[in-house]
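Listed below, chain by chain, are the residues.
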Amino acid sequence: MNQDPIKKKREISEDEVNQVVEQTFDHDISENEEGAIINVLCAQ
Amino acid sequence: MKPSRYVIKAPSFNGESTIFYNIRSNVGIKVPSNRITRFKELADIQAFHKVLHKYHFFATPHEEEEVFVEHHTKKQEENPFHLIILPHQNCNFRCVYCYEKFEKNKMLPHIEEGIVKLVEAQLSSKRYKVFTVTWFGGEPLLAVDVIERLSREFQKITESYGVTYVSSITTNGYNLTPSVIDMLLNSGVVSFQVTIDGTKECHDHQRILKGGQPTYDRIIQNLRELSTRSHPYRVLLRMNVGQDNIQYADQHIQDMKRFFGHDFRFAMGFHNIGHWGGENDENVAICPENVTLDLSHRTIDHGMKADPIINKVQAYSPCYAASPHSFVIGVDGMVYKCTVALYDERNHVGMIDSLGNMTLHDERMHLWTQSSVEDSTCKSCYYSPACHGESCPLVRIENGRRPCPDFKKQMKEIVTLMDRQNYKFIDLTPLF
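Structural notes, computed from the coordinates.

Structural notes on the overall build of chain A
Looking only at helices and strands, chain A has 3 helices and 0 strands in total. Reading the secondary structure of chain A in the N-to-C direction produces α-α-α. Within chain A, the fraction of its 44 residues that count as buried is 30%. With the model as given, the accessible surface of chain A reaches about 3300 Å², and the carbon-plus-sulfur share is 48%.

So this is what it looks like as structure tokens:
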């Protein structure tokens, strides 16, 4: 597959990764956590 | 560096990304498929190391042991105090696949008193931050007054000890009238599970009143009334699927979409009918394959919400019967661990009296809560964080075999479905 040569050379920084991680988990009650509660309750 | 045994690789729903998902941490990392196809390629990028370490993506020599210890610590110390209360053990329905015998009726008043005292004693010990109640039966809404009285007491007790109270109900929906809806919503019920077994014709064949009358129209009417309330509850519309109704599933999904598709609180879930031990078992035609994933996709195809599949594979969430903090309490004070094996003596783990004393049979409790501990195969299994050999203690007790859930063999497909259901993965795609 053809890749953009500029993108290919670009180095990803740890700060950028941290930013993505923070955005992913930056919420009070996530759908994921809510799912866990419902899981307990609807187990039967 | 090698990936942890708990990491699996799956394609995203659109096929453009690869997801590395860790069953232990419930964290997934999404990367473009045209750049990364193997874990090694991900691990070779230095900037990702910290996050990969943090969420246990690298294999470590002691990870099996760590997962085992984490599970048992959580099991002993961090679970909520959970009661499954059967306010009534009879039912107004006679579903074709039901395993219950309906020999008992409404909860006795002195058992109600005993439950309140038990809860007071447990929560005053400050061991628990959360108290969860599931109203189950028989049909719990045959004893609305019991639910109302007990809920009022539970709300008072939890408030005085600063404990979070959450409750759910599994009901056939027939008696979910407007006044009952309001009572339940004011009583801390945040989750409703109501079974509709397909189109009107299918449902009215499988889920009939004691006298044989149909039930579909009234349940739909009740649920539509529930949908008019603005409370933040969830409704799981469960379909029990067998050979007799699977061919009508698409029509059923479309009907549910028409009735409830506008309400994000309503979702559909699918469960294979099994031979659960009822009198009619030999006439019930079961589906050999697990239907959950396929029907969940078809639900989304039709524009209806499917129950998030993560609920089935969440880490550290084995069956409630395996928890030492979870008890089923019957109308006469009988204490059980499992809601299915109601007539099996090994499940009669104790009694509660009017003073709130719960006398437990240690050996029987041990059967349910500890029988997986010595199973080294479960301990070393890649699916162990989600199951710990405790997905169904009843299977181990009855047959002496490991209760491996079907989902264990479907994890790749599950991760892809999670992606379709907008599960929050760490999406590193924009960085490439």
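Regarding the side chain of E100 of chain B
Residues and elements named next belong to chain B. With respect to the element layout, E100 can be found in the loop between β4 (81-85) and α4 (109-124). For E100, which is buried and forms no salt bridge, the nearest opposite charge comes from R94, at a distance of 8.5 Å. Polar contacts involving the side chain of E100 include one to the main-chain amide nitrogen of G138, which spans 2.9 Å.

Structural notes on the nonpolar core
All names here are of chain B. Ranked by size, the top nonpolar core spans 88 residues in total, and within it I115 and L223 carry the most contacts. Residue contacts for I115: discarding those within four places in its chain leaves L83, I85, M107, L150, F154, I329 and I352. Core analysis: the second largest hydrophobic core is formed by 25 residues, Y6, A10, I23 and I414 among them.

Topic: helix α10 (residues 292-301) of chain B
All names here are of chain B. Looking at α10, one finds that the buried residues are T292, L293, L295, S296 and T299. Those residues of α10 that are buried are in contact with β8 (234-241), α9 (249-260), β9 (266-272) and α16 (411-420). Where α10 ends, the next residue or the one after it, G303, has phi of about 85°, a positive value.

Re the packing of aromatic side chains
Residues and elements named next belong to chain B. In this structure the tally under the stated criterion is 19 aromatic pairs over all chains. Each residue in the set F81, Y128, F131, W135, F154 and Y165 is aromatic and connected to the rest through ring pairs, giving one cluster. Seen from the ring of F102, R94 lies directly overhead, with NZ or CZ sitting 4.1 Å from the centre.

Digging into the sheet that holds strand β13 (residues 358-360) of chain B
Picture the strands of a sheet paired through backbone hydrogen bonds; they go either parallel or antiparallel. Residues and elements named next belong to chain B. Overall, mixed pairing links the 10 strands, which are arranged β9-β8-β7-β6-β5-β4-β10-β11-β12-β13 in an open sheet. A single partner strand is all that each edge strand has here, and the edge strands are β9 and β13. Averaged over all pairs of adjacent strands, the angle between strand axes in this sheet comes to 25°, irrespective of strand direction. Of the pairings in the sheet, the one linking β8 to β9 comprises 7 bridges and is parallel in character. Note that in β9 the partner of L236 across the bridge is A267. Its contacts with the sheet put α4 on β4, β5 (130-135), β10 (326-329), β12 (348-352) and β13, and the angle it makes with β4 is roughly 170°. Contacts between α9 and the sheet are confined to β8 and β9, with β9 contributing the most and set at about 160° to the helix.

Section: the environment of F407 of chain B
All names here are of chain B. Structurally, F407 is set in the loop between α15 (393-399) and α16. What makes F407 buried here is its relative accessible area of 11%. Between the C-alpha atoms of F407 and T292, which are 115 residues apart in sequence, the distance is 9.3 Å. Apart from residues lying up to four places away in sequence, F407 is in contact with N290, T292, I309, K312, V313, Y383 and I414.

Concerning the sheet that holds strand β3 (residues 27-32) of chain B
Residue and element names in this part refer to chain B. Sheet architecture is open: 4 strands sit in the order β1-β2-β3-β14, paired in mixed fashion. Only two strands of the sheet have a single partner each, and these edge strands are β1 (7-11) and β14 (426-427). Alignment of β3 against β14, held across 2 bridges, turns out to be parallel. Counted as the bridge partner of K30 is D427 from β14.

So, the pattern of salt bridges
All names here are of chain B. Counted by the stated rule, this structure contains 26 salt bridges over all chains. Among the salt bridges present, the one from D344 reaches R346, with a minimum N-O distance of 2.8 Å. For D344, a relative accessible area of 16% corresponds to the buried category. What emerges from the salt-bridge pattern is a single network uniting K106, E112, D145 and R149.

About the criteria used
Residues numbered from 1 in each chain as written. Chains lettered and ligands numbered in written order. Predicted model: local features only at pLDDT ≥ 70, side-chain atom pairs only at ≥ 80, totals over all residues. Heavy atoms only, no water. Helix = DSSP H or I, 4+ residues; strand = E, 2+ residues; numbered from the N terminus. Buried < 20%, exposed > 50% of the residue type's maximum accessible area, 1.4 Å probe, protein only. Areas by Shrake-Rupley, 256 points an atom, 1.4 Å probe, with all protein chains shown as cover. Lys, Arg positive; Asp, Glu negative; His and termini not counted. Salt bridge = Lys/Arg side-chain N within 4 Å of Asp/Glu carboxyl O. Polar contact = N/O pair within 3.5 Å; in protein donor to acceptor, adjacent residues only side chain to side chain. Core = buried A, V, L, I, M, F, W, Y, C linked by side-chain atoms within 4.5 Å. Contact = heavy atoms within 4.5 Å. Phe/Tyr/Trp six-rings, centres within 6.5 Å; stacked < 30°, edge-to-face > 60°. Lys NZ or Arg CZ within 6 Å of the ring centre and 35° of its normal. Pairing = 2+ DSSP bridges. Axes fitted to C-alpha atoms, helices over the stretch in contact; angles between N-to-C directions.

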